[in-house]
Amino acid sequence: MKIVDVKVVVTRPGRNFVTLKLTTDDGLTGLGDATLNGRELAVVSYLRDHIAPLLIGLDPHRIEDTWQYLYRGAYWRRGPVTMAAIAAVDVALWDIKGKVAGLPLYQLLGGASRDRLLAYGHASGQDTPELLDSVRARLAEGYRAIRIQTGVPGLKAVYGVHTKGAGSAPVPHQQARPRVEDWDTRSYLSHMPGVFETVRHEFGPELPLLHDAHHRLTPLQAAQLGKDLEPYRLFWLEDCTPAENQDALRLVRQHTTTPLAIGEVFNTIHDYQTLLTDQLIDYVRSAVTHFGGVTPLRKLFDLAAVHQIKSAVHGPEDISPVGMAAALHLDLAIHNFGIQEYSGHSPLAGEVFQHAYTFTDGHLHPGEAPGIGVDMDESLAETYPYERAYLPVNRLHDGTVHDW
Ligand code: GCO
Ligand code: MG
């Protein structure tokens, strides 16, 4: 079998997605997600200009070999653009292999290790009453685990928090120029424990609660927050410090028993090395889409398992249904599954990408369709052209740029 066609589709059914489609001489097709939110076209060029010419004529069954060929062959390794492009190829090849076998991808990865996958959803509010309403709404949708984010007194806009009165419609974070949000760590640190106290009081001790600090804290501030939140038994505190410095987590770890999750911006196993071998975290957050695909993420999860660390694949709306499907097959197959982030997608995205995976009673399942189980309606995709959309930036009150 040979790859005879390579196509990159950019579409915006509500938000931008980049999808790779490979076709074989047998007429089989495979899809891969290559969406890098806010920098989408860089990956499109990497795929169209530098990867597509290499794929024509290759045997699609040689997944590991193709991965190594693209990773090592480029000489310039790692980085989100490179790894998103390689991820799309890897997932498309797994999709084809599943279709040849007539099996869903999770069967090729060893078969199911569980019946269903616990998902967590997002609740947020400008203030605590609005947050409580949002938690109620997620519970009504079936979620059994919930990430809570809230506005902070004195701050105009905090990433991940919905606009007042907008129900579940997100703040338009992504605009033609980056939206400027504001930040003050002291106000945030003094506000959060009270928020968790109220949420625990309202919903009881059993509901798994998560929180994302989105890389905004120093190790000392993160250690303080982790300690202050201990009474509320978080499922995890996510991305408490900037991700580049693995050793930052050591200080946090030494001072708090709040579980720690990190890794959505990592793109190779090397970014995790100290975190895993020194057991400085509890959950790894990388997405199939940004980590070079199913092949390397499987290796990461296996190394994490040795250190009693679990999976928690990144699953915001900017991971397309193609990337989400690939994650769910891997989640189902590995032993050390922890939880899966899931916010769903807009109805428009659901029309462009029809998928076999399901969300029922707060749990996901990848479905039984061969391969990853996603079909793309290309003519519909063409009717939603790309629009430039930046993520926000954050500034302190004196104007200094800060992590958002
Ligand atoms: C999460 C994330 C996302 C990212 C987004 C950036 O935990 O879901 O932090 O909301 O910010 O994926 O594109
Ligand atoms: Mg996050």
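None of the values given here were measured: they were computed from a predicted structure.

Analysis parameters
- Residues numbered from 1 in each chain as written.
- Chains lettered and ligands numbered in written order.
- Predicted model: local features only at pLDDT ≥ 70, side-chain atom pairs only at ≥ 80, totals over all residues.
- Helix = DSSP H or I, 4+ residues; strand = E, 2+ residues; numbered from the N terminus.
- Rg over C-alpha atoms; globule rule 2.2 N^0.38 Å.
- Buried ≥ 20, exposed ≤ 12 C-beta atoms within 10 Å, placed from the backbone.
- Contact = placed C-beta atoms within 7 Å.
- Near = placed C-beta within 6 Å.
- Nonpolar A, V, L, I, M, F, W, Y, C, P; charged D, E, K, R; others polar.
- Pairing = 2+ DSSP bridges.
- Expected span 1.5 Å × (residues − 1).
- Bend = angle between axes of the 7 residues up to and from the residue.
- Axes fitted to C-alpha atoms, helices over the stretch in contact; angles between N-to-C directions.
- Parallel < 35°, antiparallel > 145°, perpendicular 65-115°, else oblique.
- Left-handed = near helix turned anticlockwise from the far one by under 90°.
- Right-handed = clockwise from strand over helix to strand, strands pointing away.
- Domains from an automatic or database assignment.
- Arc of directions from axis to C-beta.

1. As for the overall build of the protein chain
Okay, step 1: A tally of helices and strands in the protein chain yields 13 helices and 18 strands.
Okay, step 2: In summary, the protein chain has a C-alpha radius of gyration of 21 Å against a globular reference of 22 Å for 404 residues, a match within 12%.
Okay, step 3: In the protein chain, which comprises 404 residues, the share counted as buried stands at 46%.
Okay, step 4: Counting only contacts in the protein chain whose residues sit at least 6 apart along the sequence, the fraction spanning at least 24 positions is 72%.

2. Here's the deal with the site of ligand 1
Okay, step 1: All residues adjacent to ligand 1 are N37, G160, D212, H214, E264, H314, P316, D318, E341 and L391.
Okay, step 2: Of the residues that constitute the shell around ligand 1, the class distribution is 2 nonpolar, 4 polar and 4 charged.

3. Here we look at the sheet that holds strand β18 (residues 401–402)
Okay, step 1: Taken in spatial order, the 3 strands line up as β6-β17-β18 in an open sheet, and their pairing is mixed. In the strand order of this sheet, the two ends are held by β6 (180–183) and β18, each with one partner.

4. Topic: helix α1 (residues 40–55)
Okay, step 1: Compared with an ideal rise of 1.5 Å per residue, which puts 16 residues at 22 Å, α1 spans 21 Å between its outermost C-alpha atoms and is within 8% of the ideal.
Okay, step 2: Where α1 bends most, at L47, the angle is about 35°.
Okay, step 3: Taken residue by residue, α1 has E40, V43, Y46, L47, I51 and L55 as its buried positions.
Okay, step 4: Buried residues along α1 sit in contact with β1 (3–11), β2 (17–24), α2 (63–73) and α3 (80–101).
Okay, step 5: Once α1 finishes, G57 follows within two positions and takes phi at roughly 95°, a positive value.

5. Brief notes about the packing of helix α6 (residues 185–203) against helix α7 (residues 219–228)
Okay, step 1: Remark: α6 packs on α7, axes separated minimally by 9 Å, with the N-to-C direction vectors making an angle of 15°. The orientation of α6 relative to α7 falls into the category roughly parallel. Judged by the sense of rotation from one axis to the other, the crossing of α6 with α7 is right-handed. Seen from α6, the contacting residues are T185, L189, M192 and P193; seen from α7, they are Q221, Q224, L225 and D228.
Okay, step 2: The residue makeup of the contact of α6 with α7, split by class, is 4 nonpolar, 3 polar and 1 charged.

6. Some words on the pairing of strand β7 (residues 209–212)
Okay, step 1: The side-chain alternation of β7 yields two buried faces, one formed by L209 and H211 and the other by L210 and D212.
Okay, step 2: In terms of strand pairing, strand β5 (residues 146–150) meets β7 through 2 bridges, oriented parallel. Looking at the pairing, I146 lines up with L209 of β7.
Okay, step 3: As defined by bridge partners, β7 adjoins strand β8 (residues 236–238) across 3 bridges and the pair is classed as parallel. Along β8, the bridge assignment pairs D212 with E238.
Okay, step 4: In this fold, the crossover linking β7 to β8 by way of α7 has right-handed handedness.

7. Focus: the environment of L229
Okay, step 1: Tracing the sequence through the fold places L229 in the loop between α7 and β8.
Okay, step 2: Spatially, the C-alpha atom of L229 lies 5.9 Å from that of P193, the residues being 36 residues apart in sequence.
Okay, step 3: The residues touching L229, leaving out its near neighbours within four places in the chain, are M192, P193, F196, L234, L237 and T258.

8. Considering the sheet that holds β1
Okay, step 1: Strand order in the open sheet formed by 3 strands is β1-β2-β3, and the pairing between neighbours is antiparallel. Taken across any chain shown, the strands that pair with only one partner, and hence form the sheet edges, are β1 and β3 (29–33). Here the average twist between neighbouring strands, direction ignored, is 20°.
Okay, step 2: As paired elements, β2 and β3 share 5 bridges and run antiparallel to each other. Bridge pairing in β3 links T23 to T29.
Okay, step 3: The strands that α1 touches are β1 and β2; relative to β1, the one it contacts most, it runs at about 175°.

9. Observations concerning the domain arrangement of the protein chain
Okay, step 1: You can read the domains of the protein chain as domain 1 (3–104) and domain 2 (108–371).
Okay, step 2: Once you take the C-alpha centre of each, domain 1 and domain 2 turn out to be 26 Å apart.
Okay, step 3: Taken together, the contact pairs 35 residues of domain 1 with 30 residues of domain 2.
Okay, step 4: Elements with a contribution of two residues or more to the side of domain 1 that touches domain 2: β2, β3, α2 and α3.

10. Considering helix α8 (residues 248–255)
Okay, step 1: When we look at burial in α8, the residues that qualify are A248, L249, V252 and R253. Seen along its axis, α8 keeps its buried residues to an arc of 125°; they face one direction.

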